[in-house]
Amino acid sequence: KRLKRLHRYKSGIEKTVIERLLSFDDEVNAFDMANDKQSSLLERAFDHIDKDKKGFLSREDLTSLPGTNATKLRRMMTNRNEAEHKMSFNHFSDLIGQNMKSVHFKKGQVVYNEDDDGDFMYFINSGTIEVSTRDGFRAKKGQGDHFGKGGIVGRKRRTTITCTTPVNALRVDKDFFSKYIVKGSPLATKLRETANKEKFDRALSIMERNGNMSETAYKKGDFIFKEGEVPHDAYIVKEGLVDVMADKHNIYSVKTGRIFGIQSQILKRGRKASTICASDACVIKSLPLEKLEKLANDYPVLKSTLHELALRQEFRRAVVLRRMKSFPNKEQLKEAFDEIDVDS
């Protein structure tokens, strides 16, 4: 009966839990893992809503959730029935469990294979998995990470998932997930950014494993290449920070493990920007463009990823040259848009 009365909060609770599950992999660090490894994902989501650490969710906690008609609920609540609107962790877990199923996998079990159809996404509660592809990409994921999002947006599986330890996970189906992930919403944007990062990591892995890349050290202020030069190589930052400049304005900065210098290959032209070591020292890996082209033809995922990355970088260059200012940060985006949108 208590759970039935608390059911009115279900939508707000589910939306909040989905948001927290998607944020855990960003927030987790070594300190968190040492202190929270005994806490389940649902316990951490419950603690997020229970901001006063009371051990239960109060009327105020529940009516503050998104999608809750707080005014209507407050009129329904009186001091006499307020206790009925306290939610324990057990009630919280039972309510969430109606759509988020706890599933277990054995060590060595394959959750799904590359190119399988998929209907579920998973959030790792405990244990570790290996993410692999036929082209040799390998990565590990653990508590707080998620996998399988491609399956719930209609794509075939791009990776194979194998459990390297016993794994407990929360499983969400596509119908439930689509209720809360609306196109253009912050959650949808976050998922897209995560997917893009994984694509870029896979492309990077292909280049490093198959490219036999050479390394060169640079000092702060040294040019890796200059605008107008004939292009010969693509690059990956092994150590340091590289600024990509057009007409002395910053287009973007390339951090460790990121790719640059590929527009010339994709767009078939000379260098349209200069790159400078912006940290005290830089170590840069280089790969001849002829070899990159061959790899791209051998690995379609690399080709599509490089094309997408080149277009993104070209867009940033166009904005910089249009405004003759460095590419805007988040706080400056509206101002930059207004400057460019002269016909508004």
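What you see is a predicted model, and the numbers here were worked out from it, not measured in a lab.

Some points on the overall build of the chain
Link 1 in the chain: Assigned secondary structure in the chain consists of 13 helices and 16 strands.
Link 2 in the chain: Taken across its 344 residues, the chain has 46% of its residues classed as buried.
Link 3 in the chain: Residue pairs in contact within the chain that sit at least 24 positions apart in sequence constitute 76% of those at least 6 positions apart.
Link 4 in the chain: Total accessible area computed for the chain in this model is approximately 18400 Å², and 50% of it derives from carbon and sulfur atoms.

So, the pairing of strand β5 (residues 138-141)
Link 1 in the chain: Here four bridges tie strand β4 (residues 129-132) to β5, and the two strands are oriented antiparallel to one another. Across the sheet, Glu 130 pairs through a bridge with Lys 140, a residue of β5.
Link 2 in the chain: The antiparallel pairing of β4 with β5 creates a hairpin that spans five residues between the two strands, and Gly 136 there sits at a positive phi of about 100°.

Quick look at the pairing of strand β7 (residues 160-163)
Link 1 in the chain: Relative to β7, strand β2 (residues 110-112) runs antiparallel, the two sharing two bridges. Each bridged residue has a counterpart across the sheet, and for Tyr 112 the counterpart in β7 is Ile 161.
Link 2 in the chain: One ladder, built from four bridges, connects β4 with β7; its direction is antiparallel. Bridging from a neighbouring strand, Ser 132 pairs with Thr 160 of β7.

A closer look at the sheet that holds strand β6 (residues 146-147)
Paired through backbone hydrogen bonds, the strands of a sheet run either parallel or antiparallel to each other.
Link 1 in the chain: Across the sheet, which stays open at both edges, the four strands sit in the order β1-β8-β3-β6 with antiparallel pairing between neighbours. The open sheet is flanked by β1 (101-105) and β6, the only strands paired with a single partner.
Link 2 in the chain: Here β1 runs beside strand β8 (residues 167-173); their pairing, made up of five bridges, is antiparallel. Counterpart to Val 103 in the pairing with β8 is Ala 169.

Re empty space enclosed by the protein
Link 1 in the chain: The final tally for this structure, using the stated rule, is one cavity of 30 Å³ or more.
Link 2 in the chain: Reported here for the largest cavity is a volume of approximately 130 Å³.
Link 3 in the chain: Forming the walls of the largest cavity are 17 residues, and the residues nearest its centre are Phe 225, Val 244, Gln 263, Lys 272 and Ala 273.

Description of the pattern of salt bridges
Link 1 in the chain: Counting across every chain of the model gives 26 salt bridges.
Link 2 in the chain: Where Asp 119 meets Lys 174, a salt bridge forms, and the shortest distance between an N and an O atom there is 3.4 Å. Highlighted residues: Asp 119 in the loop between β2 and β3 (120-126) and Lys 174 in helix α8 (residues 174-180), separated in sequence by 55 residues.
Link 3 in the chain: Here Asp 119 falls in the partly exposed class, since its relative accessible area comes to 43%.

Describing the side chain of Thr 16
Link 1 in the chain: With respect to the secondary-structure elements, Thr 16 resides in helix α2 (residues 10-27).
Link 2 in the chain: Judged by its relative accessible area of 7%, Thr 16 falls in the buried class.
Link 3 in the chain: Those residues in contact with Thr 16, other than ones at most four positions away along the chain, are His 48, Ile 49, Leu 65 and Pro 66.

Focus: the state of the cysteines
In a disulfide, the sulfur atoms of two cysteines are covalently bonded to one another.
Link 1 in the chain: Taken as a whole, this structure holds one disulfide when the rule is applied.
Link 2 in the chain: Bridging Cys 277 to Cys 282, the disulfide has an S-S length of 2.2 Å. Judged by the torsion about the S-S bond (90°), the Cys 277/Cys 282 disulfide is right-handed. Both residues of the pair, Cys 277 and Cys 282, count as buried.

A few points about unusual backbone geometry
Link 1 in the chain: With a phi close to 55°, Lys 53 is a non-glycine residue in the positive phi region.
Link 2 in the chain: Classification of Lys 53 by relative accessible area gives exposed; the value is 56%.
Link 3 in the chain: In this model, Asp 247 sits at a positive phi of 50°, which is unusual for a non-glycine residue.
Link 4 in the chain: With respect to the secondary-structure elements, Asp 247 resides in the loop between β12 (242-246) and β13 (249-254).

A closer look at the packing of helix α9 (residues 186-210) against helix α11 (residues 289-298)
Link 1 in the chain: At a closest axis distance of 11 Å, the pairing of α9 and α11 adopts a crossing angle of 120°. Relative to α11, α9 is oriented oblique. The two elements α9 and α11 meet at a crossing, and its hand is right-handed. Here Ile 206, Met 207 and Asn 210 of α9 come into contact with α11, specifically with Lys 291, Leu 292 and Leu 295.
Link 2 in the chain: Looking at side-chain class alone, the contact of α9 with α11 contains four nonpolar, one polar and one charged residues.

Some remarks on the sheet that holds β4
Link 1 in the chain: Pairing is antiparallel in the open sheet, where four strands are placed in the order β2-β7-β4-β5. Each edge of the sheet is formed by a strand with only one pairing partner; in this case those strands are β2 and β5. Between one strand axis and the next, the sheet turns through 25° on average, direction left out of account.

Each value, and the rule that gives it
Residues numbered from 1 in each chain as written. Predicted model: local features only at pLDDT ≥ 70, side-chain atom pairs only at ≥ 80, totals over all residues. Heavy atoms only, no water. Helix = DSSP H or I, 4+ residues; strand = E, 2+ residues; numbered from the N terminus. Buried < 20%, exposed > 50% of the residue type's maximum accessible area, 1.4 Å probe, protein only. Contact = heavy atoms within 4.5 Å. Areas by Shrake-Rupley, 256 points an atom, 1.4 Å probe, with all protein chains shown as cover. Pairing = 2+ DSSP bridges. 1 Å grid on protein atoms, 1.4 Å probe; cavity = no way out; pocket = protein on both sides within 12 Å on 5 of 7 lines; lining within 4 Å. Points joined across faces, edges and corners; volume = space filled by probe spheres on them. Salt bridge = Lys/Arg side-chain N within 4 Å of Asp/Glu carboxyl O. Disulfide = S-S within 2.5 Å. Axes fitted to C-alpha atoms, helices over the stretch in contact; angles between N-to-C directions. Parallel < 35°, antiparallel > 145°, perpendicular 65-115°, else oblique. Left-handed = near helix turned anticlockwise from the far one by under 90°. Nonpolar A, V, L, I, M, F, W, Y, C, P; charged D, E, K, R; others polar.

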